[in-house]
Amino acid sequence: MRRREDGRSAAYLVAMVLCSSCLLAVAAGSRQEFHEDAGSRERSRLAWKAIDEYLMPFVEKEKYELPSKCRLHPGNDMFREQEQHKIHFDINEWRCGFCKKAFRAEKFLDQHFENRHKNLVDNSHGRCLADLCGALHCDLMLEFKKPKSKCSASAAARNRHLCESLADSCFPINHGPSASRLHEFFLRQFCDAHTCNRGSKPFPKGGRKETNRFYLALCALIVRNEERNWHRFELFV
């Protein structure tokens with residue numbers, strides 16, 4: 001009788017250990033899945049930042065419309081719908097444009113999008129801008145730059161090939177003078193730097209004026225403060 005009880009206890013312990021292991025594996029998988037999604041979202045955001053700052057001003061100047069098949073086209077960004085529904089009121093105040101819920105930081109809003117509005121993400125093939133980060137120098141868009149690593153000739157060649165394929169598909173030289181000029185510009189602005197030669201740097205043609213963004217941000221902050229002050233005034237009247 002005693003042996004039977006010991007056997008049951010041992011079997012119970014083994015079952016509990018296996019169950020715990022399974023739960024931990026599932027939890028780890030869920031965390032990894034979210035981490036990877038969060039990572040691709042962040043990298044996609046950096047890619048769009050590079051496009052918006054160092055390409056779009058010149059595209060707009062040429063009054064050129066990116067082809068729909070171009071992977072740099074805003075419509076081919078799987079997170080674009082969500083990103084356009086971010087409302088940034090203040091440093092520690094973000095709001096969801098879909099349901100108006102407020103958050104202290106952008107990362108919490110990203111998590112909210114993942115949990116509540118994932119149906120608005122189109123993850124069809126070729127729609128993740130993060131896949132283009134190698135060509136677009138996303139690491140240079142980071143607020144805190146990564147330490148430079150040893151240049152890999154093979155990685156540089158892959159990124160250059162991807163970069164040149166973007167130039168060909170987005171600015172076909174047989175689509176007129178504007179496309180031809182932008183094709184040449186894109187090669188110089190993004191592709192030439194994909195080399196282990198230290199003499200070549202990304203974005204030699206510059207981008208949007210930093211001062212313009214500073215004044216826009218300052219104006220937005222002033223307007224926001226004025227709205228709050230007016231609201232307080234109405235409460236006292």
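Going by an unreviewed UniProt entry, the protein carries the name C2H2-type domain-containing protein and comes from Leersia perrieri.

Asker: How do you make sense of the packing of aromatic side chains when you look at a structure like this?
Answerer: How two aromatic rings sit relative to each other is set out by the distance from centre to centre and by the angle between their planes. Within this structure, the stated rule accounts for 7 aromatic pairs. With a centroid separation of 5.9 Å and 75° between ring planes, the pair formed by Phe-98 and Phe-113 is classed as edge-to-face. Placement of Phe-98 in the loop between β2 (93-96) and β3 (102-103) and of Phe-113 in helix α4 (residues 106-116) is noted, with a sequence separation of 15 residues between them. Three or more aromatic residues joined by ring pairs make a cluster, and in this case those are Tyr-54, Tyr-64, Phe-171, Phe-186, Phe-190 and Phe-203. The side chain of Arg-80 reaches across the aromatic face of Trp-48, ending 4.4 Å from its centre.

Asker: Whenever I open this one, the pattern of salt bridges confuses me. Can you help?
Answerer: When the charged atoms of two side chains with opposite charge come close together, those side chains can pair. One pass over the structure, following the stated rule, counts 18 salt bridges. Here Arg-45 and Glu-42 are joined by a salt bridge, their closest N and O atoms 2.7 Å apart. Note that Arg-45 and Glu-42 are positioned in helix α1 (residues 2-54) at a spacing of 3 residues, about one turn of the helix. Of the residues examined, Arg-45 reaches a relative accessible area of 19% and is grouped as buried. Under the relative-accessibility criterion, Glu-42 is labelled partly exposed at 33%. The salt bridge involving Glu-106 is made with Arg-45; its shortest N-O contact spans 3.4 Å. Of this pair, Glu-106 sits in helix α4 while Arg-45 sits in helix α1; the two residues are 61 residues apart in sequence, bridging distant segments of the chain.

Asker: Even after reading the chapter, I still don't get the pairing of strand β1 (residues 86-90), so can you show me in this structure?
Answerer: Regular strands place side chains that alternate from one sheet face to the opposite one. Pairing between β1 and β2: 4 bridges, direction antiparallel. Bridged to Ile-87 within β2 is Arg-95. Hairpin remark: β1 followed by β2, antiparallel, with 2 residues in the connecting loop.

Reading the values: the criteria
Starting afresh in each chain, residues are numbered from 1 along the sequence in its written order. Only residues with pLDDT of 70 or above have their local features reported here, since the model is predicted, and side-chain atom pairs are shown and tallied only from 80 upward, although totals for entire chains, interfaces and linings are computed over all residues. Excluded from the side-chain calculations are hydrogens and water; all other atoms, namely the structure's heavy atoms, are used. Within 6.5 Å between ring centres, the rings of Phe, Tyr and Trp (the latter by its six-membered ring) count as paired, and their orientation is classed by plane angle as stacked under 30 degrees, edge-to-face over 60, tilted in between. Runs of H or I in DSSP of at least four residues are treated as helices and runs of E of at least two as strands, each being numbered from the N terminus. Geometrically, a lysine NZ or arginine CZ counts as sitting over a ring once it is within 6 Å of the ring centre and also within 35 degrees of the ring normal. Whenever a carboxyl oxygen of Asp or Glu lies within 4 Å of a side-chain nitrogen of Lys or Arg, that contact is scored as a salt bridge. Relative accessibility decides the category of a residue: with a 1.4 Å probe and only protein chains considered, values under 20% of the type maximum give buried, values over 50% give exposed, and everything between is partly exposed. Following DSSP output, two strands are said to pair if at least two bridges run between them.

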